[in-house]
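Here are the chains, one letter per residue:
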Amino acid sequence: MDDPREVVARQRRALNAHDLEALGECFHEDLYSEDFVHPSQTFVGRDQVVRNWQLVLTQVPDLKADVVGTAVDGDTVWAEWRIYGTRRSGEILDLRGVTISKVRDGKIASSRRYLTPLEAGTETVEDYFRRVVAPGS
């Protein structure tokens, strides 16, 4: 079996090169991609991945992607990502999080995404947990 980390490395290279064709080749045509925190953002198909990243690259022309670390268990690769750049509006995009992907034949067959924009607020730890467990109190 090939090392599943290789597909993550190819994905990172394609994102940094803004090469949508190479990015699409990292995924199986029938990819199942689940957004764990936002289930309505779950989708099927490599074409949707390409459309998503085409929009991102159009709006964030200097986009860069870093893989902070990876771990592998059989055909599953965990990848910690930082994807960042400047939106056309001048605002910063800074996505951070993890993807957990099943790899088959050197391509991602399914993936769970846990990526979210960085919040640079001033909320304290206590205030955050209070807001999460007792909203409105």
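Heads up: the structure comes first, above all this text.
Bear in mind the structure is a predicted one, so any value in this text is a computation, not a measurement.

Would you mind going over the layout of surface pockets with me for this structure?
Take a probe with the size of a water molecule and roll it over the atoms, and the empty space left behind shows itself. In this structure, the largest pocket encloses a volume near 720 Å³. Those elements giving two or more residues to the lining of the largest pocket turn out to be α1 (5-17), β1 (27-35), α3 (46-59), β4 (76-86), β5 (92-104) and β6 (107-117). Broken down by class, the residue content of the lining of the largest pocket amounts to 16 nonpolar, 10 polar and three charged. Lining the second largest pocket are Arg96, Thr116, Pro117, Leu118, Glu119, Gly121, Thr122, Glu123, Thr124, Val125, Tyr128 and Arg131. Elements supplying a minimum of two residues to the lining of the second largest pocket: β6 and α4 (125-133). Among the elements that take part in the lining of the second largest pocket, α4 stands out by supplying three residues, more than any other.

Teacher, can you tell me more about the packing of aromatic side chains here?
The description of an aromatic ring pair rests on the distance of the ring centres and on the angle between the ring planes. In the structure shown here, the tally under the stated rule is one aromatic pair. For the pair phenylalanine 36 and tyrosine 114, a centre-to-centre distance of 5.0 Å together with 40 degrees between the ring planes defines the contact as tilted. With phenylalanine 36 in the loop between β1 and β2 (43-44) and tyrosine 114 in strand β6, this pair connects stretches of sequence that are 78 residues apart. For the cation-ring pair, arginine 82 lies above tyrosine 84, with the distance from its terminal atom to the ring centre recorded as 4.2 Å.

Any chance you could explain unusual backbone geometry here in plain terms?
Generally, phi is negative for residues other than glycine and the peptide bonds are trans, each holding for most cases. For histidine 18, which is not a glycine, the phi torsion comes out positive at approximately 55 degrees. Its place among the elements puts histidine 18 in the loop between α1 and α2 (20-24). For aspartate 105, which is not glycine, the phi torsion reads 55 degrees and is therefore positive. By the element assignment, aspartate 105 lies in the loop between β5 and β6. The exposed category is assigned to aspartate 105, whose relative accessible area is 67%.

Parameters and conventions
Here the residue index of a chain counts from 1 through its sequence in written order. Only residues with pLDDT of 70 or above have their local features reported here, since the model is predicted, and side-chain atom pairs are shown and tallied only from 80 upward, although totals for entire chains, interfaces and linings are computed over all residues. Side-chain measures here rest on the full set of heavy atoms in the structure, leaving out hydrogens and waters. Using a 1 Å grid laid over the protein atoms alone, points where a 1.4 Å probe fits but cannot get out form a cavity; open sets with protein on both sides within 12 Å along at least 5 of 7 lines form a pocket; any residue with an atom within 4 Å of a point counts as lining. Grid points are joined across faces, edges and corners, and a volume is the space filled by probe spheres set on the points. To qualify as a helix, a DSSP run of H or I must reach at least 4 residues; to qualify as a strand, a run of E must reach at least 2; elements of each kind are numbered from the N terminus. Each residue receives one of three labels: charged for Asp, Glu, Lys and Arg, nonpolar for Ala, Val, Leu, Ile, Met, Phe, Trp, Tyr, Cys and Pro, and polar for the others, Gly being one of them. Stacked, tilted and edge-to-face are the three classes applied to pairs of Phe, Tyr and Trp rings, where Trp contributes its six-membered ring and a pair requires centres within 6.5 Å; stacked means planes under 30 degrees apart, edge-to-face means over 60, and tilted covers the rest. Comment: the charge-over-ring label is applied if NZ (Lys) or CZ (Arg) is within 6 Å of the ring centre and within 35 degrees of the ring normal. Residue burial is assigned from relative accessible area. The probe radius is 1.4 Å, only protein chains are included, and a residue is buried under 20% of its type maximum, exposed over 50%, and partly exposed in between.

All quantities given are derived from atomic positions and should not be read as evidence of function.
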